[in-house]
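A look at the structure
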Amino acid sequence: MTEIPLLDVRDLTVEFQTRRGIVKAVQHVDLTIAKGETVGIVGESGSGKSVTSYAVMRILDRAGRIADGSVMFTNLDLRNAAEDAMRDLRGREISMIFQNPRAALNPIRKVGRQIEDVLLQHVKAAPSEVTEKAVEILEQVRIARPRERYHAYPFELSGGMCQRVVIALALACQPQLLIADEPTTGLDVTTQKTVMELIVELTRARGMSTILITHDLGLAALYCDKIVVMEKGRVVEAAPSRAVFTAPEHPYTKKLMRATPRPGVSLRDLLPEGEAPTGATIAKLPTAEKAPLLVVEKLIKEYPRKGTQGLAGTLKKLTQQKPAPEPEVFRAVDGISFSVNRGESVGLVGESGCGKSTTSTMVMRLIDKTDGTILFDGEDIGAIPAKKFALLPLRRRIQMVFQDPTDSLNPRFTAARAIADPILRLGDLKGRDAIRARCEELARQVGLPVELLDRFPHQLSGGQKARVGIARAIALKPDLVILDEPTAALDVSVQAVVLNLLQELKDTLGMSYLFVSHDLNVVRLLCDRVIVMRAGKIVEEGATDRVLFSPEAAYTRDLLAAIPHPNFDKVPAAAARMATGS
Amino acid sequence: MLTTIAKRLVTVIPTLIGVVIVTFLLTRVLPGDPAAYFAGPAATADSIAEIRKTLGLDRPLPEQFVHYVSDLAHGNFGNSLSTGRPVSVEITSRLPASAELTLLGLILSLAIAVPLGILAAVKQGSWIDHTCRVVATAGVSLPVFFTGLLLVYAFYYLLGWAPAPVGRLDAFATAPPQITGFYLIDNLFAGDLETFRSALAQLILPAFTLAIFSLAPIARMTRASMLAVLASEFVRTARASGLNDRTVIITYAFRNAMLPVVTTLGMVFSFLLGANVLVEKVFAWPGIGSYAVEALLQSDFAPVQGFVLTMAVLYVALNFTIDILYSVIDPRVRLEG
Amino acid sequence: MTDTTATAPAPKPPSNSILSHARYVVSENLVTGFAFGLFALIALCALIGPYVVPYDPLASDTSASLQAPSLRHWFGTDQLGRDIFSRVVVATRLDFIIALSSVALVFVMGGFAGIAAGYFGGWTDRLVSRLADTIMAFPLFVLAMGIVAALGNTVTNIVIATAIINFPLYVRVARAEANVRRDSGFVMAARLSGNDDFRILLGHILPNIMPIMMVQISLTMGYAILNAAGLSFIGLGVKPPTPEWGIMVAEGATNIISGEWWIALFPGAALMLAVFCFNLLGDGLRDLVDPQRRT
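Only a predicted model underlies this, so the values are computations on that prediction, with no experimental measurement involved. (Residues numbered from 1 in each chain as written. Chains lettered and ligands numbered in written order. Predicted model: local features only at pLDDT ≥ 70, side-chain atom pairs only at ≥ 80, totals over all residues.)

Quick notes on the overall build of chain B
In terms of helices and strands, chain B carries 14 helices and 0 strands. Going residue by residue from the N terminus, the α and β elements of chain B occur as α-α-α-α-α-α-α-α-α-α-α-α-α-α. Dimensions of chain B, computed from C-alpha atoms along their principal axes, come out at roughly 80 × 55 × 40 Å. In chain B, which comprises 337 residues, the share counted as buried stands at 44%. Sequence-distant contacts, at least 24 apart, represent 69% of the contacts inside chain B between residues at least 6 apart. (Helix = DSSP H or I, 4+ residues; strand = E, 2+ residues; numbered from the N terminus. Buried ≥ 20, exposed ≤ 12 C-beta atoms within 10 Å, placed from the backbone. Contact = placed C-beta atoms within 7 Å.)

This is the structure:
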């Protein structure tokens, strides 16, 4: 190509001054972005993908600096530019949007004013017309009733709306390059789709270049022309999306591709070629045809609405003119019924706020229901108050693997002590040596090196912490294990290994799973049946294959459609764009 | 806005009730015979019995409490033994002296601590940052009465710059006609610059003593809060949008950082009102603090009770104001609460 | 905000034991080392002070009164001819005991009330918070004055008054920390493992809030000393001729205006040094107790 690229990064090396000496977060990275091109930077945690873009924008931490290489923006040397010049460029020529939109906005300033600040800073509007311009921009990002929403504070807006405001801020001055750092992580899958489409639409319309930083290969392949794969601070592969997605060359890219859950692959396929799942393998136990292990009937959980309780609530009711528009209680779970058979793995799927976590917490007997029945192996465990349940022998038969491995481990317990806790409280083993031996046995079962048992959680990696959590959950050989988004916080390659481990343990120990997740692809791999929830009710349920291939409910169809899935059988994206001439 | 104020007022009431109960109980748990305390050390058995009747100390406790509350409602805090005058009169006449001192101390403190904290955070690791931390730790470690004495020694005895610590005015000046009770303001109203200067000179050392004392927690909080806000994600967005330093630090960072500082002010006031008593003793300041201390030394109990009650009510009012101030700054509290 | 380190954790340290960690903490940070050293000195004075001072702290010798510091009397003498150095050193024990006992008392009362309130919520929370709020409604030093005035000038009452006025602070910190941890994953996991509430409070939550409480404890030691000294300064504390730093400053207050600075300065400096030491100690103690600081 004879044109000068918009952004030309050569041999970039970024160093950080840490307590342990100098750490090279990014090493010898080359990156070129042409005008109008969308490039995806893909990598797992620690890959340096975000640091690269912070270096381009020169907003690194105090401890970081560009040690080597060059960063050219058309003809401007960004590495050596003065801070004033950089400040001028930021927001006006190069913009950035981040993860976690609500935290990215000033919580005590109206969103409209925040947009005005950017416009005024870069002199894109006179003070007399800046308010109008801000409203116009809010309209462009598809915020309904923009004039009204101008006066809103971030806490009054939903996550999706906040992200739109952040996009508005970034595009207000019509920059040439937009850097989007994990813009959809943390958002619901349907919101993800709308936000990505908005970004693509706006950037295409203005002929902008975009860098999309993500850990999701599928997302990158769907929306980007070119993909750059990074591992541990280096670029391992850079090629057009189609090539990376359909025929990756570098072993790391291949590993990432394989590990990404997608339709048509099985659990085993997620692992790198030639790697068998870790842990002891015992022959699969047959699934007995007995009565269902767990039966939930018309389960309801109500919470009083905020502000209706206590003195303040009574005052509010007395001073209100009309009767209150909303009912006083909020139904998190609205009369659902389902069952789990022995040896079965049932997926409970839905977006945030649908009630799946509340349901699983009730089944766990950590909170009490408002109404309905929960039968476990024939016993009405719903009737036993949560406080009492902890002391019953039944407790050992239902256990849980938590979402956040860091949060679910006591920072003051070593791994061994954490795993031993249920054994000490509910188990039959006595004596230090016996318990230690059991801990080591469990560690082997979950593939945790025995030397790591005496480490504290902050001395372990994410995957290792996840294994400790799993070992703790299976310590007492429970019948039912509830898994609450157990791999959501893990890198995709680690996730592949953990999912395989979970499947194996289930087969070996004959457990049943209730797998709560928002990620349909993961559910597809691990579950026999799937239940889709929305707003406290069950929308659809059935065998996984049936529900995910031929869904009946419209909502399920929407959920499936929202999953980013590049389809390279059709005309390649870049070619399509060239054909439409944008 | 009015509903927020109303709601806050409602929560103040139980606090006031608690204060009244505690001050009531304090005088009823005196070891020995409360009547003897109120009668004074020079009392005879007869006068003690008389006092007991007058003050109703022979009645059952709940009845005493009712009397106590109704007395308070009428502004009757009892009489001082040593002067014979009603405590309420003496307290109201001496309140402005304490108020003027405390306010000036607070203003000085804020004027130094807040900019120091902000600069220390913005220029982390620089000499300003280190100064701030040293000042904060030292300020917290110094006993306030010791600071006062040191200042007197240095500026009065050694350098001769400050006047003798003899109270609000030196021996030759006379008080201005009373409008607010604040000598600085009243002197300006009366156009009396000579007395104004004298009053100011007398105020400087004690006000600085209080300021040094309250400097530390405010500077520390401002610095910590600014550091946290400067590292927050929305400041990162502001920087990434190219907003200049002034806008980022003042409009974005400072306003958010001030929220925890405003809450800290409540605690600072608590310390200040207590430190007031000590400073008044060092500088012979005729405020309510020294009034209470003098009364204590003479075992004169009614003034002490009046003093504790007044300080508590003042403090409740100050906290209430801080609450309202906070909800003015933070829309989340205003709109959600 | 940036993920700068690789995903693999550091290699295992030589030992996770307490002693090696203690050595690491003290040596890593000069300030911490200094604070611990100073604390050791103060503790030493408190323990053996009365036995090794050159003069009897109560012995008055009017012929030697108001002497400036010299080789005979390192800190000079006061109006009654008593040796100030001896008095300052002996006073260490009293102030130290007052600080230690009030902090121990308030830690037990306030700490437990706080974590119970934060963990159980409901009526426990309401009761404890109401109590703390009532105390907080008063300017704290003023309340201490009121309590000591009502109960009488004894060391016990000073300790009680100091504990009472620091109660809300401990409650607030303990309650906030317990509240945060109440809903955390590891507490839920502990419930799943069959721990009842009591065990969770003592075995899971309390050990985790100890680092923060350590900072509180050392700060309160400082406040307690300042509080006792302040009360003594206005005549509500220890009675003369007992040597106590606050009283000694009060005794020297009138003299400082006439230039005899040593009577008030040395006890005041001792006060400041002790409080300063406790403030610095806080961070070191926290590092000692927090396993996350073990690299």
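Still more ground to cover, so stick around.
With respect to the overall build of chain A
Regarding its fold elements, chain A presents 22 helices and 20 strands. Against the compact-globule benchmark of 25 Å for 582 residues, chain A has a radius of gyration of 26 Å, which places it among compact chains. Expressed along its principal axes, the backbone C-alpha trace of chain A runs to roughly 70 × 70 × 50 Å. Pairs at least 24 residues apart make up 71% of the contacts formed inside chain A by residues separated by at least 6 positions. (Rg over C-alpha atoms; globule rule 2.2 N^0.38 Å.)

Looking at helix 15 (residues 415–426) of chain A
Most of helix 15 of chain A sits inside the fold, with 10 of its 12 residues counted as buried. By the burial criterion, the buried members of helix 15 of chain A are Ala415, Ala416, Ala418, Ile419, Ala420, Asp421, Pro422, Ile423, Arg425 and Leu426 of chain A. Each element contacted by the buried residues of helix 15 of chain A is listed here: helix 16 (432–445) and helix 17 (462–474) of chain A together with helix 7 (185–192) of chain C.

Structural notes on the confidence of the model for chain B
All names here are of chain B. Chain-level statistics for chain B give a pLDDT mean of 85 and a share of 96% at 70 or above. For chain B, helix 2 (residues 34–39) is the element with the lowest average pLDDT, namely 70, and helix 10 (residues 233–240) is the one with the highest, namely 92. Taken together, the chains of this predicted complex give a pTM of 0.82 and an interface ipTM of 0.85. (pLDDT = per-residue confidence, 0-100.)

Description of the pairing of strand 8 (residues 209–214) of chain A
Residue and element names in this part refer to chain A. Counting buried residues along strand 8, 6 of its 6 residues qualify, which places the element largely inside the surrounding structure. Across the two faces of strand 8 the burial is the same, with Ser209, Ile211 and Ile213 and Thr210, Leu212 and Thr214 all buried. Strand direction decides the pairing type here: strand 7 (residues 177–181) and strand 8, joined by 5 bridges, are parallel. Residue pairing across strands places isoleucine 179 opposite isoleucine 211, the latter belonging to strand 8. (Pairing = 2+ DSSP bridges.)

Considering the interface of chain B and chain C
Listed as interface residues are 38 residues of chain B and, on the opposing side, 35 residues of chain C. Elements with a minimum of two residues in the side of chain B that touches chain C: helix 1 (2–28), helix 6 (127–141), helix 7 (144–158), helix 11 (245–282), helix 12 (288–297) and helix 13 (301–329) of chain B. For the side of chain B that touches chain C, the residue count by class is 29 nonpolar, 7 polar and 2 charged. (Nonpolar A, V, L, I, M, F, W, Y, C, P; charged D, E, K, R; others polar.)

Description of the packing of helix 9 (residues 245–257) of chain C against helix 10 (residues 262–289) of chain C
All names here are of chain C. Closest axis-to-axis distance for the helix 9/helix 10 pair is 7 Å, and the angle between their directions is 145°. For the crossing formed where helix 9 meets helix 10, the hand is left-handed. For the pair helix 9 and helix 10, the contacting residues are Trp245, Met248, Val249, Glu251, Gly252, Ala253, Asn255 and Ile256 in the first and Ile263, Ala264, Pro267, Gly268, Ala270 and Leu271 in the second. (Axes fitted to C-alpha atoms, helices over the stretch in contact; angles between N-to-C directions. Left-handed = near helix turned anticlockwise from the far one by under 90°.)

Considering the environment of arginine 20 of chain A
By the secondary structure assignment, arginine 20 of chain A is in the loop between strand 1 (7–18) and strand 2 (21–33). Each C-alpha atom, one on arginine 20 of chain A and one on glycine 40 of chain A, is 32 Å from the other, the two residues being 20 residues apart in sequence.

As for the sheet that holds strand 14 (residues 371–376) of chain A
All names here are of chain A. One open sheet accounts for 4 strands, arranged 12-11-14-15; its pairing is antiparallel. The open sheet terminates on both sides in strands that have one partner only, identified here as strand 12 (329–340) and strand 15 (379–380). Two strands pair when backbone bridges link them, and strand 11 (residues 294–304) and strand 12 are joined in this way by 9 bridges, in the antiparallel orientation. In the sheet register, proline 304 faces strand 12, and the bridge partner there is valine 329. Here helix 13 (residues 356–363) sits on the sheet and contacts strand 11, strand 12 and strand 14; the angle it forms with strand 11, its principal contact strand, is near 115°.

A few points about the sheet that holds strand 1 of chain A
Strand-to-strand pairing in sheets goes through backbone hydrogen bonds, with the strands running parallel or antiparallel. Residue and element names in this part refer to chain A. Strand order in the open sheet formed by 4 strands is 2-1-4-5, with antiparallel pairing between adjacent strands. Strand pairing shows two members of the sheet lacking a second neighbour, strand 2 and strand 5 (76–77), which therefore form its edges. For strand 4 (residues 64–73) and strand 5, the ladder comprises 2 bridges, and the chain directions are antiparallel. By the bridge assignment, methionine 72 is partnered in strand 5 with aspartate 77.

Considerations on the interface of chain A and chain B
By convention, interface size is frequently given as the accessible area that disappears when the constituent parts associate. Across the boundary between the two partners, chain A contributes 27 residues, which contact 20 residues of chain B. Put simply, the parts of the chain that give the side of chain A that touches chain B at least two residues each are helix 2 (83–89), helix 3 (111–121), helix 6 (159–171) and helix 12 (310–319) of chain A. In terms of residue class, the side of chain A that touches chain B is built from 17 nonpolar, 5 polar and 5 charged.

Notes on unusual backbone geometry
The residue after proline 240 of chain C, namely proline 241 of chain C, is reached through a cis peptide bond having omega 5°. Examined against the element boundaries, proline 241 of chain C turns out to sit in the loop between helix 8 (197–233) and helix 9. The phi torsion at arginine 58 of chain A lies on the positive side, around 60°, for a residue other than glycine. Take arginine 58 of chain A: it is sitting in the loop between helix 1 (49–57) and strand 4. On the neighbour-count criterion, arginine 58 of chain A (20 C-beta atoms within 10 Å) is buried.

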